[in-house]
Amino acid sequence: MNRYLRVVIVIMILPLVAVMISDDAEAAYEYDSENNVLTISSNISNESGVKVWPWSDYKEEITDVVIDTSVTNIPSYMFIGLTSVTEINIPSSVRTIGDSAFEGCTSVTEMHIPDSVEAIGNRVFSGMTSLKHVSTGSSLTDIGESLFLGTFNIEKLEIGSPKMKIGYSNNPFNGEDLPKEIEVVFTETISDVPDNMFYSLDPVSISSLTIPITARSIGAYSFYGCDIGEIILPSTVKEIDDFAFTESDLHSVNLENITSLGRGAFKNCSSLTAANIKSLDNLKDETFSGCTSLTEITFSNQLRNIGMSSLNGTSVSEIILPETLTAVGEYAFRDCKLLKESIIIGDLSTLGNGAFEGCTSLKKVTLQNVVNLGTSAFKGCPLTDMIAIGIYSNKLTDIPEDCNLYTQRNSTIEGVSPSPVTYYIYDRDITMFNDRVLDIDLVNHTGEVPAIGWEDYKGNPVEDVSDISGIRSVYASYEESTGSDDSKGYSTLSYIVLLLGIVSLSASLYVRFKG
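Everything in this summary refers to the structure shown in the same document. (Residues numbered from 1 in each chain as written. Predicted model: local features only at pLDDT ≥ 70, side-chain atom pairs only at ≥ 80, totals over all residues. Heavy atoms only, no water.)

### Regarding the overall build of the chain
When helices and strands are counted, the chain shows one helix and 34 strands. Sorting the 515 residues of the chain into buried and exposed places 47% on the buried side. Working note: accessible area of the chain is about 23900 Å², and carbon and sulfur atoms make up 47% of it. (Helix = DSSP H or I, 4+ residues; strand = E, 2+ residues; numbered from the N terminus. Buried < 20%, exposed > 50% of the residue type's maximum accessible area, 1.4 Å probe, protein only. Areas by Shrake-Rupley, 256 points an atom, 1.4 Å probe, with all protein chains shown as cover.)

### Quick look at the sheet that holds strand β8 (residues 133-135)
Strand-to-strand pairing in sheets goes through backbone hydrogen bonds, with the strands running parallel or antiparallel. Across the sheet, which stays open at both edges, the five strands sit in the order β6-β8-β10-β11-β13 with parallel pairing between neighbours. Single-partner strands in this sheet number two, and they are β6 (110-112) and β13 (205-210). Shown here is a sheet whose adjacent strand axes are inclined to one another by a mean of 15°, direction ignored. Note: strand β10 (residues 156-159) against strand β11 (residues 181-186), four bridges, orientation parallel. Note on β11: the bridge partner recorded for K156 is E183. (Pairing = 2+ DSSP bridges. Axes fitted to C-alpha atoms, helices over the stretch in contact; angles between N-to-C directions.)

### Looking at the sheet that holds strand β18 (residues 260-261)
Overall, parallel pairing links the four strands, which are arranged β12-β14-β16-β18 in an open sheet. The sheet is open, and its two borders are formed by β12 (192-193) and β18, each paired with just one other strand. Alignment of strand β14 (residues 217-218) against strand β16 (residues 239-240), held across two bridges, turns out to be parallel. Bridge pairing in β16 links S217 to E239.

### Let's talk about the pattern of salt bridges
Summed over all chains, the structure comprises seven salt bridges. A salt bridge links R95 to E118; its shortest N-O distance comes to 3.2 Å. Remark: E118 occurs in the loop between β6 and β7 (119-120) and R95 occurs in the loop between β4 (73-74) and β5 (96-97); sequence separation between them is 23 residues. Assessed through its relative accessible area of 46%, R95 is described here as partly exposed. Look at E118 and you get partly exposed, because its relative accessible area is 33%. Close ionic contact of K337 with D335 constitutes a salt bridge, the shortest N to O distance being 3.7 Å. K337 sits in the partly exposed class, given a relative accessible area of 42%. When its relative accessible area of 33% is taken as the criterion, D335 is described as partly exposed. (Salt bridge = Lys/Arg side-chain N within 4 Å of Asp/Glu carboxyl O.)

This is the structure in structure tokens:
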């Protein structure tokens with residue numbers, strides 16, 4: 001008895017659905033067979049997802065589609081399989097477009113979604129094999145999955161909605177027969193590129209990317225993992241959020257006007273070669289970590305902080321740390337194996353653990369007035385010479401045994417492991433060093449040439465100072481008037497270690513190094 005009842009119910013329901021769709025559609029469409037024009041004059045519902053319409057018998061003959069301005073919804077599968085239609089104009093009255101609405105319209109080359117449309121369903125443009133250009137309006141906030149499934153000829157995508165997301169969990173290019181690359185243009189209705197916009201768009205590459213002058217920021221993860229090549233940012237863009245371009249194939253980007261870079265913004269961008277961050281005062285953690293092709297970076301002269309692992313593993317060969325810098329984070333320059341032979345680090349509140357660990361080309365370091373010195377800051381560096389001025393720490397570890405360490409006699413550096421050869425600097429007014437010395441000119445503040453004597457590191461006199469590379473100390477004294485003709489005062493500076501070149505010794509005696 002129950003079996004027969006179920007059969008009767010199914011038989012009765014199917015005709016009701018068919019009648020509901022047919023009656024609705026019959027009243028809302030007109031087909032001109034002479035001109036092969038299909039006109040939709042009012043809304044048609046398709047809640048049950050029926051794919052067969054009253055005009056389906058003519059779907060290969062229909063060449064033109066007209067949608068009346070009273071239509072607010074294009075239901076699922078409405079124009080599926082209209083293979084001879086070359087153009088579909090969507091009126092500004094339409095607010096929603098259902099699943100697979102234009103699926104299989106193989107002759108349409110362009111689709112323009114008006115500003116009125118707020119949502120489009122799954123696979124809307126699926127199988128439109130001739131489609132090359134799609135533009136979306138400013139109100140679109142919800143798009144379905146596999147939007148361009150099988151649409152392998154698409155070349156250009158214009159985006160007008162600041163809330164639209166293409167990547168992340170609903171990659172529109174999922175599936176097979178994908179385009180190799182597309183051009184992406186953000187229209188001037190965009191003020192902020194949204195988070196996750198093109199998240200992991202693999203395997204589709206972006207051949208070119210246009211950001212309008214109305215844009216102010218690039219959202220988090222917006223181009224994560226994208227094959228993007230080059231991007232030109234307008235001067236209006238000031239912020240790039242966390243991991244915005246992480247693991248993308250970006251090789252060139254202009255950052256001169258960026259005032260805020262998020263954590264890991266360019267992490268593992270292995271093709272990026274240069275970065276000019278001259279407007280940035282804070283380089284956050286992991287910003288350029290893993291950018292193995294990055295050979296050049298230009299810091300702002302207002303830079304205050306270099307974050308943890310921010311340049312870890314890059315190929316920079318030279319860095320000039322600005323005087324404004326106060327902190328270098330843990331592992332900031334770890335494994336920068338091409339970092340040049342000599343580096344000057346001064347007036348820092350913090351130099352983090354392992355900051356220069358594994359920099360295998362780094363041989364000479366000047367540390368001056370570093371308050372908090374992390375452990376193993378130079379682990380694995382083949383240091384030959386280190387000057388440590390104003391360093392009061394017992395964390396100066398992992399220094400090679402044959403490294404010459406130059407420090408103040410009153411320094412509290414303890415527990416250096418292993419123990420390097422240590423020399424002491426008696427003068428405490430050293431203010432600056434240069435790593436190249438070509439000539440020396442000594443004068444005092446009155447313009448008189450002081451008496452001078454040179455000694456090597458063993459205390460033996462050195463008469464020939466044309467080659468200063470072997471000189472390790474200088475004895476200099478001069479005569480100065482103290483107010484009367486017969487009263488003379490004397491001042492002596494002795495055993496000042498010369499390594500990278502002392503620019504200023506005291507208020508009275510100046511040593512100028514040229515080169």
